[in-house]
Amino acid sequence: MLRGAGDFKNRTVVEYATLDVHIKNRLLPVNLRHAHYESDADFVVTLGVSPTGRLTNKGVYLDSVELAEEFAEHLTSVFDKRKYKSNYEIKVVVRKSTCTKTVTRHKIADSQKVREYLAK
């Protein structure tokens with residue numbers, strides 16, 4: 001489990017795990033493409049994933065690195081079935097934030113949704 005509010009010297013810091021997906025802009029669905037980079041089709045952008053495994057601009061907040069790694073393994077098999085197979089990279093990243101209430105609330109909800117999704 002990652003550290004929560006009160007576990008750091010600064011009591012307002014919270015830790016969470018998230019997944020960053022690095023993928024070429026041209027491979028993205030139209031609604032997620034960055035118009036600024038349309039001229040450079042091979043420009044790599046970084047996106048997050050939703051608790052149900054969809055690419056999104058918002059990321060998922062998870063309460064443990066183990067859960068994030070398990071989710072990343074599952075997403076690898078899902079993403080390989082899409083048009084951008086093997087043209088992406090998924091990284092598990094641990095971040096810190098001082099938005100204690102917001103991150104804690106999202107961390108609990110997103111972790112539960114991911115566990116339910118992986119149990120299917």
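This text goes with the structure placed above it.
Just so it is clear, the structure is predicted and the values come from calculations on it, not from any experiment.

So, the overall build of the chain
The number of helices and strands found in the chain is two helices and four strands. Every one of the 120 residues in the chain was classed for burial, and the buried ones make up 41%. Long-range contacts, defined as pairs at least 24 residues apart, comprise 65% of the intrachain contacts of the chain with a sequence gap of at least 6. Only carbon and sulfur atoms are counted for the fraction: they give 50% of the accessible area of the chain, which is about 7200 Å².

Description of the environment of His22
Looking at the secondary structure, you find His22 in strand S1 (residues 14-24). Overall, His22 belongs to the partly exposed group, its relative accessible area being 21%. Counting along the chain gives 69 residues from His22 to Lys91, while the straight-line C-alpha distance between them is 8.1 Å.

Let's talk about the packing of helix H1 (residues 65-79) against helix H2 (residues 100-119)
Where H1 meets H2, the axes come as close as 11 Å, and the angle between the chain directions of the two elements is 50°. Of the possible angle classes, the one that applies to H1 and H2 is oblique. H2 is crossed by H1, and the crossing has left-handed handedness. Facing H1, whose interface residues are Leu67, Glu70, Phe71, His74 and Val78, H2 presents Ser111, Val114, Arg115, Tyr117 and Leu118. The residue inventory of the contact of H1 with H2, partitioned by class, reads six nonpolar, two polar and two charged.

Let's talk about the nonpolar core
Formed by 27 residues in total, the largest nonpolar core has its most connected members in Val49, Leu55, Phe71 and Phe79. At the level of elements, S1, strand S2 (44-49), H1, strand S4 (88-97) and H2 are the ones that each hand at least two residues to this core. Per-element accounting of this core gives the leading share, seven residues, to H1. Beyond its immediate sequence surroundings of up to four residues, Val49 is in contact with Leu19, Val21, Arg54, Leu55, Thr56, Lys58, Gly59, Val60, Phe71, Leu75 and Phe79.

The rules behind the values
- Residues numbered from 1 in each chain as written.
- Predicted model: local features only at pLDDT ≥ 70, side-chain atom pairs only at ≥ 80, totals over all residues.
- Heavy atoms only, no water.
- Helix = DSSP H or I, 4+ residues; strand = E, 2+ residues; numbered from the N terminus.
- Buried < 20%, exposed > 50% of the residue type's maximum accessible area, 1.4 Å probe, protein only.
- Contact = heavy atoms within 4.5 Å.
- Areas by Shrake-Rupley, 256 points an atom, 1.4 Å probe, with all protein chains shown as cover.
- Axes fitted to C-alpha atoms, helices over the stretch in contact; angles between N-to-C directions.
- Parallel < 35°, antiparallel > 145°, perpendicular 65-115°, else oblique.
- Left-handed = near helix turned anticlockwise from the far one by under 90°.
- Nonpolar A, V, L, I, M, F, W, Y, C, P; charged D, E, K, R; others polar.
- Core = buried A, V, L, I, M, F, W, Y, C linked by side-chain atoms within 4.5 Å.

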